[in-house]
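Observations on the three-dimensional arrangement
One-letter residues, chain by chain:
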Amino acid sequence: MVKITNIVFSGTKACIELDNGNQLWLTKKDLADSFLKRGTEYDDDSFYEIIRLYQYPRALNQAVTMLARRPYSRNEIKKRLKIHKYSPDVCDLVLYKLEKERLINDIDFCDQWIQYRINHNYGPSRIRQELRSKGVEEKIIEDALSIQDETDYEEHSLKLAQKAWNSICSGKDQYKEKQKVIAFLVRKGYSWEQAKKAFFQAEQQIKKQHDDA
């Protein structure tokens, strides 16, 4: 059995507080239509069937609206729905529907995110960290990163090194300036070796430009 201990209203929403500590949101209209009442006990199956009836269409619409703006991982959608206090089974139903309709796919999301971040000059370790924070499975991340062309990272790390060189290096303390450029690249997600290689390539190109001038 589940008991509604309190109902708190906020704008057009009603927060249903249960005796097990959980909270669920319905709109005021849905609450009125559902005939759920404060202080009343319900059979678990009957109660959550009512919740699904009213929450599922709104949760699905919210998830589809999110995906219309940009791609999201499965875990990001789930977290957002939980924040809005949809029941766990409603969250699972929405995710099942989205996957069935191919609106979410963590493999595709991972590939898109990697390309997006590479194009913004981020390196593999930073990209890996971001994907982990989005709840993408480790195997999906590693498989997606493993097929990336190393020359893509080299090209973008060189651009980043050239930009950092122009803003940091003045020739006053070459050792410290070199360390700053390399540390900047490492923070962007490149390994120490990738960062050093990019630095020396940028150094050679910029010196050659000065010599030619």
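Summary of the structure given here. Note that this is a predicted model, so its numbers are computed, not measured. One numbering rule holds for all chains: residues counted from 1, following each sequence as written. In keeping with the predicted nature of the model, local features appear solely for residues at pLDDT of at least 70, side-chain atom pairs appear and are counted solely at 80 or more, and the whole-chain, interface and lining totals rest on all residues. The basis for the side-chain values is all heavy atoms of the structure; hydrogens and waters are excluded.

Topic: the packing of aromatic side chains
Only the six-membered ring of Trp is used, alongside the rings of Phe and Tyr, when aromatic pairs are assigned; centres must lie within 6.5 Å, and planes under 30 degrees apart are stacked while those over 60 apart are edge-to-face, with the rest tilted. For the coordinates displayed, the defined rule picks out five aromatic pairs. Aromatic pair Phe-47 and Tyr-48: ring centres 5.0 Å apart, planes at 85°, arrangement edge-to-face. Neither Phe-47 nor Tyr-48 differs from the other in exposure class; each is buried. Taking the centre distance of 5.3 Å and the plane angle of 75° together, the rings of Phe-199 and Phe-200 count as edge-to-face. A simple rule labels every residue: compare its accessible area, found with a 1.4 Å probe on the protein chains alone, to the largest value its type can have, and call it buried under 20%, exposed over 50%, or partly exposed in between.

Remarks on the nonpolar core
Core analysis: the biggest nonpolar cluster contains 28 residues, and Cys-110, Ile-114, Ile-127, Leu-131, Val-136 and Leu-185 have the highest contact counts within it. Mapped by element, the contributors of at least two residues to this core are helix 5 (106-118), helix 6 (124-133), helix 7 (138-146), helix 8 (150-168), helix 9 (174-187) and helix 10 (192-212). By residue number, the principal contributor to this core is helix 8, which donates six residues. Apart from the residues lying within four places of it in its own chain, the contact partners of Ile-127 are Trp-113, Ile-114, Arg-117, Ile-118, Tyr-122, Leu-145 and Tyr-153. Residue types Ala, Val, Leu, Ile, Met, Phe, Trp, Tyr and Cys, when buried and joined through side-chain atoms within 4.5 Å, form a set referred to as a nonpolar core. The helix and strand labels rest on DSSP assignments: H or I over at least four residues marks a helix, E over at least two residues marks a strand, and numbering proceeds from the N terminus. For this analysis, residues touch if any pair of their heavy atoms sits within 4.5 Å.

Concerning helix 2 (residues 44-69)
An α-helical turn contains 3.6 residues, so any two residues separated by three or four positions project in the same direction. To estimate the expected span of a helix, subtract one from its residue number and multiply by 1.5 Å. If you check helix 2, its first and last C-alpha atoms are 36 Å apart, about what 26 residues at 1.5 Å a residue would give, namely 38 Å. Gln-55 marks where helix 2 bends most, by close to 40°; the proline Pro-57 follows one to four residues later. Values of bend correspond, residue by residue, to the angle between axes fitted over the seven residues ending at that residue and the seven starting there.

As for the pattern of salt bridges
Salt-bridge detection follows one rule: a side-chain nitrogen of Lys or Arg within 4 Å of a carboxyl oxygen of Asp or Glu. Throughout the structure, instances matching the rule amount to 15 salt bridges. The shortest N-O distance in the salt bridge between Arg-70 and Glu-76 comes to 3.7 Å. For Arg-70, a relative accessible area of 33% gives the class partly exposed. The closest approach of N and O atoms between Glu-101 and Lys-97, which form a salt bridge, is 3.3 Å. Look at Glu-101 and you get partly exposed, because its relative accessible area is 42%. A single salt-bridge network, built from bridges that share partners, covers Arg-70, Glu-76 and Lys-134.

So, the pairing of strand 1 (residues 2-10)
On a regular strand, one side chain projects to one face of the sheet and the next to the other, so that they alternate. The criterion for strand pairing is that DSSP finds at least two bridges linking the strands in question. Pairing geometry for strand 1 and strand 4 (residues 41-42), over two bridges, is antiparallel. Opposite Lys-3, over in strand 4, you have Glu-41 as the bridge partner. Pairing of strand 1 with strand 2 (residues 13-18), which is carried by six bridges, proceeds in the antiparallel orientation. The residue of strand 2 that forms the bridge with Ile-4 is Leu-18. Hairpin remark: strand 1 followed by strand 2, antiparallel, with two residues in the connecting loop; positive phi at Gly-11, about 60°.

Side note on helix 3 (residues 74-83)
Looking at helix 3, one finds that the buried residues are Glu-76, Ile-77 and Leu-81. Along the axis of helix 3, the buried positions cluster into a sector of 130°, meaning they face one direction only. On the buried face of helix 3, the contacting elements are helix 2, helix 4 (88-100) and helix 5. Just downstream of helix 3 lies Lys-85, where phi reads positive at about 60°. This arc is built from the directions going out from the helix axis to the C-beta atoms.

Observations concerning unusual backbone geometry
Backbone geometry places Arg-102, a non-glycine residue, at a positive phi of 60°. Considering the arrangement of structural elements, one finds Arg-102 in the loop between helix 4 and helix 5. At Asn-121, a position not held by glycine, the phi torsion is positive, near 70°. Tracing the backbone through its elements, the reader meets Asn-121 in the loop between helix 5 and helix 6.

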